[in-house]
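# Remarks on the overall topology
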Amino acid sequence: FSQGESAESAMAAKLGVGVGVVLAVASALRAPVSPPWRHEVGMSAAKTREELLSEILVKEHHHTLQCVEEARASVAREYAPRIAELEEAIEAAKRRVGVNGAVQAVASPSQELHYLEYGEVPSNVIGKKDPLEGRVRSVTRAIGADAPGEICHIVLETRGRLPYVEGQSVGVLPPGVDGKGRPHQQRLYSIASSRYGDDGAGMSVSLCVRRAVYVDPETGREDPAKKGVCSNFLCDAAPGTAVSLTGPVGKGMLLPEDDEADLIMVATGTGIAPFRGFVRRLFIERTPAAAAFRGRAWLFLGVPTTSSLLYPDLWTTAKENRPFRFDATFAISREQKTPDGRKMYVQDRIQEHADELFKRLENGAHIYFCGLKGMMPGIEDTIQRCCQERGLDFKSWLKALKQDKRWHVEVY
């Protein structure tokens, strides 16, 4: 040791601890106290001072480990009920996915939601020149495994920077370039969530997207070169994938300002998106709109098979929550038949309930249509026949509805 260096300082340097530790240990040796192993070590006079200090440090380390284990066990006992509660919630979430893999309705938020009640409808907050970089939170198959095609429920994180209301659309700019080397054009998708998002936090937007594929009529095989660029990008996206977003756009499919107005919602396939937002806002979430709503909402949804029904648990929950204000009628074309033996389409359900529907429209109801544009000719032909049966001129009747802004159409 260098001159002037005490024995305690030398020992501290050698063991890699502070001088204070060594002095404390030396003091303990002069008066052994509990824990009992200190007494045992102090009584061993045959050992050198260095060996005694080393043994004390080792035993103190073991004592610390024992305390940590006891603390860990105590924490586990204290939080066991909460852990069990969270595990039960996870299992419940799994059950909502269902045996067929289809995403189910999200439970109603327990808190009142009122912080996104806009005075004016947001419009084009985010433009194409400076899109918002969102992130994929989840991509879930929204129909059964044996249903034809593929439809996904997609939740995108927006960090609250893309305000919107029910009935609007959002733009998605898919990555890459087209055949001419130019960036892909944006695709518009009807928003499938309420303004508060599926979790009530107001930090996400949900879409209902069908994977677009092209099947060669001669070979019966899919042609990857002709598949939908944006829909395949979204359906294939993994959580965390960046997505360029724009919008929101659209004011033609908004809920009416009149809280007592009836709603008639007609959809095929992914056209269900805006109506999912409507129903969540009015019948699932605790919103000012839900508290004020005194009308009746009637959903007509057309799909090919039972396993193709989108969000079935949502409609069940809405009916349970407010049984006298919500109804849902389904047209399942490959499984149901009309009285004259034809496939059942959504326009056939309209004709079936025409008396009640026309009565509601006479009393100020709003009627909404969303889905593939090919659905409208059959629907309009059916409504025209219903008008004729009631002595109404279809063109005049339709013009009056449009002037009152009670006829809403969004097709693609």
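Here the structure is shown first, and the text comes after it.
As the structure is a prediction and not an experimental result, all values here were calculated from the model.

## Some points on the sheet that holds strand β8 (residues 297–303)
The strand order β9-β8-β7-β10-β11 describes an open sheet built from five strands, whose pairing is parallel. What marks the edges here is a single partner per strand, and that holds for β9 (326–332) and β11 (407–411). Neighbour-to-neighbour, the strand axes of the sheet open up by a mean angle of 10°, direction not taken into account. Along the sheet, helix α10 (residues 354–362) contacts β7 (263–268), β8 and β10 (366–371); its crossing angle with β8, the most-contacted strand, is approximately 135°. Contacts from helix α11 (residues 375–389) reach β7, β10 and β11, with the element oriented near 150° to β10.

## Structural notes on the pairing of strand β1 (residues 132–141)
Alignment of β1 against strand β6 (residues 242–249), held across four bridges, turns out to be antiparallel. Along β6, the bridge assignment pairs glutamate 133 with serine 244.

## A closer look at the nonpolar core
Residues Ile272, Phe275, Trp315 and Phe326 are the most contacted members of the largest nonpolar core, which totals 34 residues. Listed by contribution, the elements that provide at least two residues to this core are β7, α6 (273–284), β8, α8 (312–321), β9 and β10. With seven residues, the single largest contributor to this core is α6. Once residues lying within four places of it in the same chain are set aside, the contact partners of isoleucine 272 are Cys208, Ala267, Leu299, Leu301, Leu310, Tyr311 and Trp315. In terms of nonpolar packing, the next biggest core, distinct from the first, is built from 26 residues, Val266, Met344, Ile350 and Ile379 among them.

Conventions adopted
Residues numbered from 1 in each chain as written. Predicted model: local features only at pLDDT ≥ 70, side-chain atom pairs only at ≥ 80, totals over all residues. Heavy atoms only, no water. Pairing = 2+ DSSP bridges. Helix = DSSP H or I, 4+ residues; strand = E, 2+ residues; numbered from the N terminus. Axes fitted to C-alpha atoms, helices over the stretch in contact; angles between N-to-C directions. Contact = heavy atoms within 4.5 Å. Core = buried A, V, L, I, M, F, W, Y, C linked by side-chain atoms within 4.5 Å. Buried < 20%, exposed > 50% of the residue type's maximum accessible area, 1.4 Å probe, protein only.

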